[in-house]
2 protein chains.
Amino acid sequence: MLTDTLDLEARAHSEHAQELRLWLRLLTCSQLIEKRVRGGLREQFDTTLPRFDLMAQLERHPEGLKMKELSHRLMVTGGNVTGITDQLVAEGLVERMAVEGDRRAFLVRLTPAGRSAFEHMATQHEQWIVEAFDGLSPRDLDSLHKLLGKVKQHQLDINQRIVTEAE
Amino acid sequence: MLTDTLDLEARAHSEHAQELRLWLRLLTCSQLIEKRVRGGLREQFDTTLPRFDLMAQLERHPEGLKMKELSHRLMVTGGNVTGITDQLVAEGLVERMAVEGDRRAFLVRLTPAGRSAFEHMATQHEQWIVEAFDGLSPRDLDSLHKLLGKVKQHQLDINQRIVTEAE
DNA sequence: TATTGTTATACTCTATAACTATA
DNA sequence: TATAGTTATAGAGTATAACAATA
């Protein structure tokens, strides 16, 4: 299956063909890489990308993050964060800590076991990603990063505008 | 939620920080755009991205595509294509046609109603995508397309190698 | 009243594997 | 035997809405 023609890009057919082709190519690239990462996480570590992402957030914030902060950063709604956190707590990889001064909230943070497990996964994850971009020169990597920076900023501007208009 | 810090990129922290940051930025961009497309398809047309993608394939192949071809092109397994096709058939948007000389297979193609519905959706879809890349010059669009072409080709090469090794 | 987080629910998408019919 | 497609099932991932506790 993986070697067959990838024809998602067939969708582009209009006067704005350039933008459409770019979008379909962007989508194809991210799907191809994501499939390998998800598969690897499942096969080698019996985990999932959202779980990995949640742990990655906590690894960057050793003091812990509140559920709501996790929800924002992971771009998913609160119920999902509760579910993933429950799983990770049950496995001893993260813990909920009381927040002084606000008894509604928790700080979620990695346990030592969780930190160790994450570092193990992150090492392998890094190899997948390095391999994924192996075909590009450092200069290409930099150009791509800068160009996608413009795309990302533009999306955030659009979303900001939508939110502002809704207020 | 949409305006909060997007901190998926926080994951990059190693000696291969460049590749990791690039991957996380690529993922963020495609997620941001995809969320808007999925939301728009749901709200304005009560449909989903996989359904739209299937119809887009058929629009490019007026003679029809076999279930297996659709499965390849959409990068999903056969059972899923059956399910989506069943939905679209029930709504009168696509039809299964007998294939001469192979009574196991069908050709799936858009009905006139399906073609009309798709064109309607594709027009709106194009506007979302044009808006998504509005911040980039034609030159940027071209650079990005070329660079992502290298990325895509490299993924396909990797997958080819994996398939070959498995044989 | 508003906010934090949980619970309950439902739906889409996906892969796997067993199955039917045909090649 | 192999292939095209279907069915059945299970699980990931997500959103929504009602809810409890606290601010």
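To be clear, the structure that these remarks concern was listed above.
Residues take numbers from 1 onward in each chain, read along the sequence in its written order. Lettering for chains starts from A, numbering for ligands starts from 1, and both go in the order in which the items are written. In keeping with the model being predicted, local features are shown solely for residues with a pLDDT of at least 70 and side-chain atom pairs are shown and tallied solely at 80 or more, while totals for entire chains, interfaces and linings include all residues. Remark: hydrogens and water are excluded; side-chain values derive from all non-hydrogen atoms of the structure.

1. Things to note about the protein's contact with DNA strand D
Any residue with a non-hydrogen atom lying within 4 Å of a molecule or strand is treated as near it. In the region of DNA strand D, 22 residues are neighbours, and A:Arg103, B:Met67, B:Lys68, B:Thr82 and B:Arg104 sit closest. Within 4 Å of the protein, the contacting atoms of DNA strand D are 72% sugar and phosphate, with bases supplying the remainder. For this analysis, a polar contact is any N or O atom pair within 3.5 Å, provided that within protein one partner can donate a hydrogen and the other can accept it, and provided that sequence-adjacent residues contribute only side-chain to side-chain pairs. Taking A:Arg38, its side chain carries an N or O atom lying 2.9 Å from a phosphate oxygen of DNA strand D. Strands here mean DSSP runs of E at least two residues long; helices mean DSSP runs of H or I at least four residues long; both are numbered from the N terminus. Ranked by the residues each element gives to the surface near DNA strand D, the list is headed by helix 4 (residues 78–90) of chain B, at three residues. Taken together, the residues of the surface near DNA strand D sort by class into six nonpolar, seven polar and nine charged. Ten residue types, Ala, Val, Leu, Ile, Met, Phe, Trp, Tyr, Cys and Pro, are classed as nonpolar, four, Asp, Glu, Lys and Arg, as charged, and the remainder, Gly among them, as polar.

2. Focus on the protein's contact with DNA strand C
Taken together, 21 residues surround DNA strand C, and among them A:Met67, A:Lys68, A:Thr82, A:Arg104 and B:Thr48 come closest. Contact between DNA strand C and B:Thr48: a phosphate oxygen at 2.6 Å from a side-chain N or O atom of the residue. In this structure, a phosphate oxygen belonging to DNA strand C sits 3.0 Å away from a main-chain N or O atom of B:Thr77. Secondary structure elements with two or more residues in the surface near DNA strand C: helix 3 (67–74) and helix 4 (78–90) of chain A together with helix 2 (49–60) of chain B. Here the element with the most residues in the surface near DNA strand C is helix 4 of chain A; it accounts for four residues. A breakdown of the residues in the surface near DNA strand C according to their chemical character gives six nonpolar, six polar and nine charged.

3. Regarding the sheet that holds strand 2 (residues 94–98) of chain A
Residues and elements named next belong to chain A. Taken in spatial order, the three strands of this open sheet run 1-3-2, and their pairing is antiparallel. Looking at which strands have only one partner, the edges of the open sheet turn out to be strand 1 (65–66) and strand 2. Strands were regarded as paired on the criterion that DSSP finds at least two bridges between them. Pairing of strand 1 with strand 3 (residues 106–110) involves two bridges; the strand directions are antiparallel. Of the residues in strand 3, the one forming a bridge with Leu 65 is Val 108. Strand contacts of helix 2 (residues 49–60): strand 1, strand 2 and strand 3, with the helix running at about 95° to strand 3, the strand carrying the most contacts. Contacts are residue-level and defined by heavy atoms, with any inter-residue pair within 4.5 Å sufficient. Think of each axis as a best-fit line through the C-alpha atoms, taken over the contacting stretch in the case of a helix, with angles from 0 to 180 degrees between the N-to-C directions.

4. Here we look at the sheet that holds strand 1 (residues 65–66) of chain B
Strand pairing in a sheet relies on backbone hydrogen bonds. The paired strands run either parallel or antiparallel. Residue and element names in this part refer to chain B. As summarised here, the arrangement of the three strands in space is 1-3-2, forming an open sheet in which the pairing is antiparallel. Unpaired on one side and paired on the other, strand 1 and strand 2 (94–98) mark the two borders of the sheet. Where helix 4 meets the sheet, its contacts fall on strand 2 and strand 3 (106–110), and the angle it forms with strand 2 comes to roughly 110°.

5. Brief notes about the packing of helix 1 (residues 17–45) of chain A against helix 5 (residues 112–132) of chain B
Working note: a packed helix pair is described by the angle between its axes plus the distance between those axes. Their axes nearest at 9 Å, the elements helix 1 of chain A and helix 5 of chain B cross at an angle of 80°. The orientation of helix 1 of chain A with respect to helix 5 of chain B, classified from their angle, is roughly perpendicular. Taken together, the residues of helix 5 of chain B that come into contact with helix 1 of chain A (itself represented by A:Glu19, A:Leu20 and A:Trp23) are B:His125, B:Glu126, B:Ile129 and B:Val130. Of the residues that constitute the contact of helix 1 of chain A with helix 5 of chain B, the class distribution is four nonpolar, one polar and two charged. With respect to orientation, any angle under 35 degrees is reported as roughly parallel, any angle over 145 as roughly antiparallel, any angle of 65 to 115 as roughly perpendicular, and every other angle as oblique.

6. Some thoughts on the environment of B:Leu22
Within the secondary structure, B:Leu22 sits in helix 1 (residues 17–45). Excluding anything up to four places from it in sequence, B:Leu22 contacts A:Phe133, A:Leu141, A:Leu144, A:His145 and A:Leu148.

7. What about the nonpolar core?
For the purposes of this section, nonpolar cores are sets of buried Ala, Val, Leu, Ile, Met, Phe, Trp, Tyr and Cys residues that join through side-chain atoms within 4.5 Å. Classification of residues uses two cut-offs on accessible area relative to the type maximum, computed with a 1.4 Å probe and protein chains only: under 20% is buried, over 50% is exposed, and between them is partly exposed. Grouped together as the largest cluster of nonpolar side chains are 80 residues, with contacts concentrated most on A:Ile33, A:Phe133, A:Leu144, B:Ile33, B:Phe133 and B:Leu144. Setting aside anything within four residues of it in sequence, one finds B:Phe133 in contact with A:Glu19, A:Leu22, A:Trp23, A:Leu26, A:Val151, A:His154, B:Ile33 and B:Leu141.

8. A word on the environment of B:Asn159
You can see B:Asn159 is positioned in helix 6 (residues 138–166). Separated by 125 residues in the primary sequence, B:Asn159 and B:Glu34 have C-alpha atoms spaced 24 Å apart.

9. A word on the packing of helix 2 of chain B against helix 4 of chain B
Residue and element names in this part refer to chain B. Where helix 2 meets helix 4, the closest approach of the two axes is 10 Å, and the angle between their N-to-C directions is 80°. The angle between helix 2 and helix 4 places the two elements in the roughly perpendicular class. Here Pro 50, Arg 51, Leu 54 and Met 55 of helix 2 lie close against helix 4, whose contacting residues are Val 81, Ile 84, Thr 85, Gln 87 and Leu 88. Considering only residue class, the contact of helix 2 with helix 4 consists of six nonpolar, two polar and one charged.

10. Quick look at helix 3 of chain A
Residues and elements named next belong to chain A. When we look at burial in helix 3, the residues that qualify are Met 67, Leu 70, Ser 71, Arg 73 and Leu 74. Structurally, helix 3 contributes buried residues whose contacts are with helix 2, strand 1, helix 4, strand 2 and strand 3. Met 75 occupies a position one or two residues after helix 3 and carries a positive phi of about 60°.

11. Thoughts on unusual backbone geometry
All names here are of chain A. The phi angle at Asp 46 is positive, at roughly 50°, despite the residue not being glycine. Inspection of the secondary structure puts Asp 46 in the loop between helix 1 and helix 2. On the basis of relative accessibility, which here comes to 66%, the residue Asp 46 falls in the exposed class. The backbone of Met 75 sits at a positive phi, close to 60°, despite the residue not being glycine. Note that Met 75 resides in the loop between helix 3 and helix 4.

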